[in-house]
Number of protein chains: 2
Amino acid sequence: MDIKNVVVAGGGVLGSQIAYQSAYKGFNVTIWLRSEGSIGRCQPKLDRLHAVYLQTLEAAKTNPTAWANGFADERPDAAGIDQLKERAEQAYKSLKLTTSYEEAFSDADLVIEAIAEDPKQKIDLYTRMQEYLPERTIIATNSSTMLPSAFASYTGRPQKYLALHFANEIWRFNTAEVMGHAGTEQKYYDQVVEFARAIGMVPLCLHKEQPGYILNSMLVPFLTAAEALWANDVADPQTIDTTWTIATGAPAGPFRILDIVGLTTAYNICVMDPRAKDPDSTQAKIVQRLKQKIDAGELGVNAGKGFYDYSKK
Amino acid sequence: MDIKNVVVAGGGVLGSQIAYQSAYKGFNVTIWLRSEGSIGRCQPKLDRLHAVYLQTLEAAKTNPTAWANGFADERPDAAGIDQLKERAEQAYKSLKLTTSYEEAFSDADLVIEAIAEDPKQKIDLYTRMQEYLPERTIIATNSSTMLPSAFASYTGRPQKYLALHFANEIWRFNTAEVMGHAGTEQKYYDQVVEFARAIGMVPLCLHKEQPGYILNSMLVPFLTAAEALWANDVADPQTIDTTWTIATGAPAGPFRILDIVGLTTAYNICVMDPRAKDPDSTQAKIVQRLKQKIDAGELGVNAGKGFYDYSKK
């Protein structure tokens with residue numbers, strides 16, 4: 001693989017995880033950030049990630065369930081885990097943060113764009129980075145909600161542009177959905193698949209553009225169906241979750257998942273559904289019920305309460 | 001609880017399981033069957049179930065994962081499991097099979113109707129059994145696809161009529177969805193909930209009628225979304241399953257579930273979707289792709305092949 005120098009543009013939740021994990025797997029990683037303020041917000045995220053990796057690795061010495069599949073192909077013995085911790089130390093020290101376009105982009109093999117879901121900001125960045133990028137650079141976007149075809153023409157290299165979409169807690173939920181647009185060349189697509197594997201991800205190949213990729217294309221209708229049962233007063237969230245977990249053996253039902261996703265995200269998805277405009281629709285009822293919970297501060301796991309109470313943990 | 005004498009009408013896959021499990025939990029159970037031929041088809045099912053209970057209980061002595069939650073609240077020690085096996089023996093011996101309406105229905109506390117999903121046959125049965133049923137008898141339908149409101153008026157006791165819906169392999173997937181119609185009286189609903197719990201089920205209470213109950217209201221849109229990704233050539237079934245299992249921790253993705261459900265059932269559900277009439281629709285593509293697999297004999301787990309190959313097991 002020709003990819004060695006990886007630039008992650010954006011230091012948010014996913015950007016910092018992608019950067020850390022890529023460095024942990026031995027790549028030269030630079031995080032490009034828009035401003036000194038962004039650096040100030042990114043560094044604590046990296047500090048926290050570093051602590052999580054070290055603690056989780058240590059815990060995995062004695063507890064197999066602590067092990068995360070992104071750490072390595074197999075859980076090694078304690079000595080092997082100590083080597084992985086050493087690798088995490090080196091990764092942490094090696095990460096470079098910069099606001100300089102030149103420093104970040106002038107020797108990049110792969111840019112992973114993980115900035116805000118704002119088309120204008122993405123177009124700005126793609127346009128600006130072109131001034132510095134070598135011809136060889138592949139650009140991948142981590143956008144969850146936008147399609148690569150919408151931005152390909154702004155990258156100056158549509159054939160080397162595609163989407164590489166990560167899940168939160170990348171070291172544990174180690175999927176990378178790889179999705180080109182119609183103009184992506186197969187050989188660059190394949191290189192990104194290889195890179196994804198090299199950083200400990202399971203590459204999930206999409207053969208064509210699909211809004212929501214694979215996961216959200218299933219998760220959204222599934223969660224919406226569960227929300228509909230609740231908003232129409234057919235059954236309680238706990239009953240609905242119990243039904244799903246007993247019937248499918250899954251560890252969490254839809255309302256546990258909604259608590260993890262966050263009710264604000266669920267609300268935003270549901271508001272965008274055109275059917276929600278009809279006030280008598282099930283979608284409008286879901287929007288209303290989610291809004292009640294959001295107004296009450298019941299936003300999910302991170303807020304300590306959502307459909308379930310997490311405050312006693 | 002006033003329920004002691006339980007009549008299961010119908011000796012199909014679910015009817016025989018409901019009867020066996022109810023007897024195993026100490027109820028007096030009679031299976032009513034339409035003909036001597038039905039008795040001949042039901043008895044081997046009971047024989048097989050009996051063997052499954054005994055083998056699974058024996059295996060659970062040493063293997064905790066063999067344990068099924070419908071057997072008892074908690075997995076006992078080996079001596080306790082021997083007692084459960086003895087209970088299974090008694091259940092097996094106690095089951096009465098009859099084609100006589102009088103014998104079956106004249107002293108029933110609860111009738112569980114589990115005959116074919118044919119409205120005419122159900123109406124016939126409800127009409128005929130009224131001649132024999134005591135006034136106290138509660139009638140529950142195990143129908144998966146029809147609503148109790150469609151039949152309440154034919155039972156002669158709409159306030160004592162509701163749905164009690166089981167999952168296949170009742171001893172393991174021990175859910176019982178309880179769903180009344182608008183005229184079901186709460187006290188009879190509550191008695192059926194209590195009965196469900198008494199036979200080792202987790203009662204899942206629906207507050208109103210819902211086609212598909214809770215589980216299928218979620219499962220159908222979820223599976224359809226997965227089928228759409230496949231039929232539109234976005235991704236392969238294996239990739240889609242991997243995405244779901246890594247992201248949600250579930251033991252099986254949608255195509256493993258489809259193999260268990262059976263592709264013929266999936267096909268029948270999709271054909272009934274009004275959108276499938278448009279040949280350019282995703283639904284029509286799903287129907288076409290499922291039909292190809294069905295024509296090739298790839299019907300799912302029971303056929304040895306579906307989306308996965310089970311022949312080497």
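Residues numbered from 1 in each chain as written. Chains lettered and ligands numbered in written order. Predicted model: local features only at pLDDT ≥ 70, side-chain atom pairs only at ≥ 80, totals over all residues. Heavy atoms only, no water.

Draft legend 1. Quick peek at the nonpolar core. Formed by 72 residues in total, the largest nonpolar core has its most connected members in Met218, Phe222 and Ile240 of chain A together with Met218, Phe222 and Ile240 of chain B. Setting aside anything within four residues of it in sequence, one finds Phe222 of chain A in contact with Trp244, Pro254 and Ile257 of chain A together with Met218, Phe222 and Trp244 of chain B. (Core = buried A, V, L, I, M, F, W, Y, C linked by side-chain atoms within 4.5 Å. Buried < 20%, exposed > 50% of the residue type's maximum accessible area, 1.4 Å probe, protein only. Contact = heavy atoms within 4.5 Å.)

Draft legend 2. Expanded view of the relation of the copies chain B and chain A. When chain B is brought onto chain A, the operation consists of a screw motion whose angular component is 180° and whose axial shift is 0.0 Å, with 0.1 Å RMSD remaining. The operation mapping one copy onto its partner corresponds to a two-fold rotation axis. Minimal C-alpha distance to the rotation axis in chain B is attained by Ala250 of chain B, lying at 2.1 Å. Here 100% of the contact residues of chain B are again contact residues in chain A; the copies associate through an equivalent surface. (Least-squares fit on C-alpha atoms with pLDDT ≥ 70 in both.)

Draft legend 3. Quick peek at helix H10 (residues 263-272) of chain B. All names here are of chain B. Taken as a whole, H10 has its buried residues at Leu263, Ala266 and Cys270. The buried residues of H10 all sit within an arc of 60° when viewed along its axis, so they share a single face. Where H10 is buried, its residues touch helix H7 (215-231), helix H9 (254-261) and helix H11 (282-295). (Helix = DSSP H or I, 4+ residues; strand = E, 2+ residues; numbered from the N terminus. Arc of directions from axis to C-beta.)

Draft legend 4. Spatial organisation of the pattern of salt bridges. Residues and elements named next belong to chain A. All told, the structure shown has 28 salt bridges over all chains when counted by the stated rule. Measuring nitrogen to oxygen at the nearest pair gives 2.5 Å for the salt bridge that ties Arg136 to Asp109. Here Arg136 is found in the loop between helix H5 (119-129) and strand S5 (138-141), whereas its partner Asp109 is found in the loop between helix H4 (101-105) and strand S4 (110-113), with 27 residues between them in sequence. According to the relative accessible area criterion, Arg136 is partly exposed, its value standing at 40%. Between Asp273 and Arg275 there is a salt bridge; the shortest N-O distance is 2.8 Å. Given the relative accessible area of 17%, Asp273 is considered buried. (Salt bridge = Lys/Arg side-chain N within 4 Å of Asp/Glu carboxyl O.)

Draft legend 5. Looking closely at the interface of chain B and chain A. Chain B puts 39 residues into the contact, and the matching count from chain A is 39 residues. When residues of chain B are sorted by the area they lose upon contact with chain A, Met218, Val234 and Ile246 of chain B head the list and together hold 19% of the total. For the pair chain B and chain A, the interface holds 6 residue pairs in polar contact (both at pLDDT 80 or more). When residues of the side of chain B that touches chain A are traced back to their parent elements, those giving at least two are strand S7 (175-180), strand S8 (202-206), H7 and helix H8 (237-248) of chain B. For the side of chain B that touches chain A, the per-class residue count stands at 24 nonpolar, 11 polar and 4 charged. (Buried area = accessible area lost by both parts, 1.4 Å probe. Polar contact = N/O pair within 3.5 Å; in protein donor to acceptor, adjacent residues only side chain to side chain. Nonpolar A, V, L, I, M, F, W, Y, C, P; charged D, E, K, R; others polar.)

Draft legend 6. Broad picture of the environment of Ala250 of chain A. Relative to the helices and strands, Ala250 of chain A is located in the loop between helix H8 (237-248) and helix H9 (254-261). The class of Ala250 of chain A is buried, set by a relative accessible area of 8%. Beyond its immediate sequence surroundings of up to four residues, Ala250 of chain A is in contact with Trp244 and Thr245 of chain A together with Ala250 and Pro251 of chain B.

Draft legend 7. Broad picture of the pairing of S8 of chain B. All names here are of chain B. By the bridge criterion, 5 bridges tie S7 to S8 in an arrangement that is parallel. Bridged to Met179 within S8 is Leu206. Handedness of the crossover joining S7 and S8 through helix H6 (residues 186-198): right-handed. (Pairing = 2+ DSSP bridges. Right-handed = clockwise from strand over helix to strand, strands pointing away.)

Draft legend 8. Geometry of the sheet that holds strand S2 (residues 28-32) of chain B. Residues and elements named next belong to chain B. Here 8 strands make up an open sheet; going across it, the order is S3-S2-S1-S4-S5-S6-S7-S8 and the pairing mixed. Either end of the sheet is taken by a strand with one partner, and the two such strands are strand S3 (96-98) and S8. Here the average twist between neighbouring strands, direction ignored, is 25°. Sitting on the sheet, helix H2 (residues 36-60) is in contact with S2 and S3, with an inclination near 165° to S3. (Axes fitted to C-alpha atoms, helices over the stretch in contact; angles between N-to-C directions.)

Draft legend 9. Unusual backbone geometry, seen in detail. Residue and element names in this part refer to chain A. A positive phi angle is found at Glu169, which is not glycine, with a value near 60°. Relative to the helices and strands, Glu169 is located in the loop between strand S6 (161-166) and strand S7 (175-180). Judged by relative accessible area, which is 31%, Glu169 ranks as partly exposed.

Draft legend 10. Structural context of the sheet that holds S4 of chain A. Residues and elements named next belong to chain A. Strands sit in the order S3-S2-S1-S4-S5-S6-S7-S8 across an open sheet of 8 strands; the sheet is mixed. This sheet does not close on itself; its edge strands, each paired only once, are strand S3 (96-98) and strand S8 (202-205). Each neighbouring strand pair of the sheet contributes to a mean axis angle of 25°, computed without reference to strand direction. As judged from the 5 bridges shared by strand S1 (residues 5-9) and strand S2 (residues 28-32), these two strands associate in the parallel manner. Residue pairing for S2: Asn5 is matched across the bridge by Asn28. Its contacts with the sheet place helix H6 (residues 186-198) against S1, S4, S5, S6, S7 and S8, and it is angled at close to 175° to S7.

Draft legend 11. Local environment of the packing of helix H7 (residues 215-231) of chain A against H7 of chain B. Running from N to C, H7 of chain A and H7 of chain B cross one another at 160°; their axes reach a closest spacing of 8 Å. Compared by their axis directions, H7 of chain A and H7 of chain B come out roughly antiparallel. Seen from above, H7 of chain A lies across H7 of chain B with right-handed handedness. Contact residues: Ser217, Met218, Pro221, Phe222, Ala225, Ala226 and Leu229 of chain A in H7 of chain A; Ser217, Met218, Pro221, Phe222, Ala225, Ala226 and Leu229 of chain B in H7 of chain B. A class-by-class count of the residues in the contact of H7 of chain A with H7 of chain B yields 12 nonpolar, 2 polar and no charged. (Parallel < 35°, antiparallel > 145°, perpendicular 65-115°, else oblique. Left-handed = near helix turned anticlockwise from the far one by under 90°.)

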